[in-house]
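Results of the structural survey
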Amino acid sequence: MTTLRPARLRPMDLARLGASGLTARPMRAILAAIGIAIGIATMVTVVGAAASSQEQILRQLDMLGTNLLRVEPGDSLFGKKARLPKSAAAMVKRIEGVVQAGQTGDTGTTVRRNDLISSSISLGIAVQATDLDLLDTLEGEVRTGVWLNAATERRPAVVLGAVAAERLGLTSPGVQVWIGDRWFTVIGILDRMPLAGEIERSALIGFPAAEGYLNHDGHPTTVYERSSDEHVESVHALLARTVNPANPSEARVTRPSDTLKAKAAVAGAFTGLMLGLGAIALFVGGVGVANTMVVAVLERRGEIGLRRSFGATRGQVRTQFLVEALLLSTLGGGAGVLLGALATFVYARANSLPAVLPPWAPAGALATTVLIGTLAGIYPALRAARVPPTVALSTQ
């Protein structure tokens, strides 16, 4: 007696069967795939936006360096504000490995566009005394005009930080601003300084001018130091006891580049939150695929029964519907990856960032869609496989 064996379906045949099931009802398939596409696009965009922001921060760190340290006075033993010596920067320059050092001192004075504006309106701009080495220490640049020199540091001349100039509504030097009780001439406007945001918001005058016109005591409130990369840690350990040998605990040493690193860490935490929201959208999309496949099984019971009556096994029917779910989710996943990549590019261009999309993001997104498609198709496939051949006759 001859034993009948079920025909085998090649992978190409399974792909055609799965595609035919989707093309028979294209609008329903598209709507179901949109849910997957939204979830994947959200996740890819979030990863791409975070990666682009972090790449910008890393490029800034590479360009600006991590070898800049800042020293500020802390609190004394009795809770009062400590003071740094007038020669703090000169003392720091004697440390081995120090390349440059500069200092600033807060004058407690406001700067105004003219003498008619109340002194209580400061616009968040600090008037600070500075030495001539500050610009080289911070590796800053003058956007327009000139920096202070040996002559102008003694005269009523001021250099504005980038933010300070914007708040005063100034774009070029040559104009005068009111500081204390007299006019100062703006001789320069600085470019942006990501590692010294406080300088961006400052109006800078020479220490001799601050002492002569504003009665400043000459003591610095901040010392900036730049050292060679290999000496950063050793210099960091010596700075406090160098600027305040008697009470090193009253000097606070910080590294401005740590702020940029903190921004990168915050961006990573924010990415985790948004990925969670994207996962929720992807789960909703998976439920939509499962619902679509369940409805397809109910509507195609006659077709399934007919195939069973012609010899299709339960496994073949089960595989057919599982392939349909995989094709549906992969279609949505592919569209989501393209949309996410496009959104990342647009976001980067709009914010002047380098467009970066880690290779694992689209690969992981496609792998996730395969997993979602498999999970969403298991129950409908099992349900389709249980349809008996007699259903084809009962629906006639």
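Keep in mind the model is a prediction, meaning the values are calculated, not measured. Residues take numbers from 1 onward in each chain, read along the sequence in its written order. Predicted model: local features are reported for residues with pLDDT of at least 70 only, side-chain atom pairs are reported and counted for 80 or more only, and whole-chain, interface and lining totals are derived from all residues. With hydrogens and water set aside, each side-chain value is computed from the structure's full complement of heavy atoms.

Another point: the overall build of the chain. Per the convention used, a helix needs a DSSP run of H or I reaching at least four residues, while a strand needs a run of E reaching at least two, with both numbered from the N terminus. The helix and strand tally for the chain stands at 13 helices and 11 strands. Sorting the 396 residues of the chain into buried and exposed places 45% on the buried side. For the chain, the share of sequence-separated contacts (at least 6 apart) that also reach a separation of at least 24 residues comes to 80%. Summed over all atoms, the accessible surface of the chain reaches about 19,900 Å², with 60% contributed by carbon and sulfur. Exposure is judged per residue with a 1.4 Å probe applied to protein chains only, and the accessible area is read against the type maximum: over 50% gives exposed, under 20% gives buried, and values in between give partly exposed. Whether two residues touch is decided by their heavy atoms; if any such pair falls within 4.5 Å, the residues are in contact. Only the protein chains shown count as cover for residues, with accessible areas throughout obtained via the Shrake-Rupley method and a probe of 1.4 Å.

What follows concerns helix H11 (residues 314-350). Every helix has an expected span of 1.5 Å times one less than the residues it contains. Relative to the 54 Å expected for 37 residues at 1.5 Å per residue, H11 spans 54 Å between its end C-alpha atoms, a close match to the ideal helical length. Looking at the residues trailing H11, positive phi occurs at Ser352, about 55°.

Right, let's get into unusual backbone geometry. A positive phi angle, near 60°, is found at Asn215, a position not held by glycine. Along the chain, Asn215 turns up in the loop between helix H7 (207-213) and strand S10 (222-227). Judged by its relative accessible area of 68%, Asn215 falls in the exposed class. Not every positive phi belongs to a glycine, and Ser352 is a case in point at roughly 55°. With respect to the element layout, Ser352 can be found in the loop between H11 and helix H12 (360-385). For Ser352, a relative accessible area of 60% puts it in the exposed group.

Further remarks concern the nonpolar core. Put simply, a nonpolar core is a bunch of buried Ala, Val, Leu, Ile, Met, Phe, Trp, Tyr and Cys residues held in one set by side-chain atoms that sit within 4.5 Å of each other. Core analysis: the largest hydrophobic core is formed by 20 residues, its most contacted members being Val111, Val158, Leu160, Val177 and Ile179. Contributing elements (two or more residues each) for this core: strand S4 (126-130), strand S6 (157-160), helix H5 (162-168), strand S7 (176-179), strand S8 (182-190), strand S9 (202-206) and H7.

This brings us to helix H8 (residues 232-243). Think of an α-helix as turning once every 3.6 residues; residues three or four places apart then point the same way. Over its 12 residues, H8 runs 16 Å from end to end, which matches the ideal 16 Å to within 8%, given 1.5 Å per residue. Of all the residues in H8, the buried ones are Val232, Val235, Leu239, Ala240, Thr242 and Val243. An end-on view of H8 places all buried positions within 165° of arc, on one side of the element. Of the residues in H8, the exposed ones pointing more than 90 degrees away from the buried face are Glu233 and Arg241. Contacts from the buried residues of H8 go to strand S1 (68-73), helix H3 (88-92), strand S2 (98-106), S10 and strand S11 (251-254). Think of the arc as the fan of directions from the helix axis to the C-beta atoms.

Every case where a carboxyl oxygen of Asp or Glu lies within 4 Å of a side-chain nitrogen of Lys or Arg is listed as a salt bridge. If you walk through the whole model with that rule in mind, you get nine salt bridges. Between Arg226 and Glu139 there is a salt bridge, with the nearest N and O atoms lying 3.6 Å from each other. Here Glu139 lies in the loop between helix H4 (134-138) and strand S5 (142-145) and Arg226 lies in strand S10, a separation of 87 residues in the sequence. What makes Arg226 buried here is its relative accessible area of 5%. Through salt bridges with shared partners, a single network forms among Glu166, Arg192 and Glu200.

Let us look at the side chain of Thr104. Among the structural elements, Thr104 can be located in strand S2. Beyond its immediate sequence surroundings of up to four residues, Thr104 is in contact with Gln128, Ala129, Thr130, Leu134, Ile199, Phe207, Pro220, Thr221, Thr222 and Tyr224.

Locating Met43 in the fold gives a position in helix H2 (residues 26-64). Here the alpha-carbon distance between Met43 and Pro362, two residues 319 residues apart in the chain, equals 9.4 Å.

Moving on, we get to a nonpolar patch on the surface. Patch building starts from residues that exceed 30% relative accessible area and form no salt bridge, then joins like charges within 9 Å and nonpolar side chains (Val, Leu, Ile, Met, Phe, Trp, Tyr) within 5 Å. Where nonpolar side chains cluster on the molecular surface, the patch consists of Met27, Ile30, Leu31, Ile34 and Ile38 and spans about 490 Å² of accessible area. Here Ile34 shows up in helix H2.

The next subject is the environment of Val177. Looking at where Val177 falls in the secondary structure, it is placed in strand S7. A relative accessible area of 0% places Val177 in the buried class. When the C-alpha positions of Val177 and Val158 are compared, they lie 8.7 Å apart, and in sequence the two are 19 residues distant. If sequence neighbours within four positions are ignored, Val177 has contacts with Val111, Arg112, Arg113, Val158, Leu168, Leu170, Arg182, Trp183, Phe184 and Val186.

A word on the packing of aromatic side chains. Planes of paired rings set the category: under 30 degrees apart is stacked, over 60 is edge-to-face and the rest tilted, where pairs are Phe, Tyr or Trp rings (Trp by its six-membered ring) whose centres lie within 6.5 Å. Counted by the stated rule, this structure contains two aromatic pairs. Both rings, one in Trp178 and one in Trp183, keep their centres 5.0 Å apart while their planes meet at 80°; by these two values the pair is edge-to-face. For Trp178, a relative accessible area of 15% puts it in the buried group. Where Phe184 meets Tyr213, the ring centres are 5.9 Å apart and the plane angle is 85°; that geometry is what we call edge-to-face. Taken together, the residues Phe184 in strand S8 and Tyr213 in helix H7 connect sequence positions 29 residues apart. The buried category is assigned to Phe184, whose relative accessible area is 0%. For Tyr213, a relative accessible area of 23% gives the class partly exposed.

On to the environment of Ile34, then. Looking at Ile34, the relative accessible area reads 38%, which means it is partly exposed. Separated by 298 residues in the primary sequence, Ile34 and Gly332 have C-alpha atoms spaced 5.9 Å apart.

Attention shifts here to the pairing of S2. When you tally the buried positions in S2, you get seven out of nine residues, the bulk of the element. By this definition, two strands are paired if DSSP reports at least two bridges between them. When S2 meets S10, the two strands line up antiparallel, connected through six bridges. Within S10, the residue paired with Ala101 across the bridge is Glu225. As paired elements, S2 and S4 share three bridges and run antiparallel to each other. When the sheet's bridge partners are listed, Thr104 is paired in S4 with Thr130.

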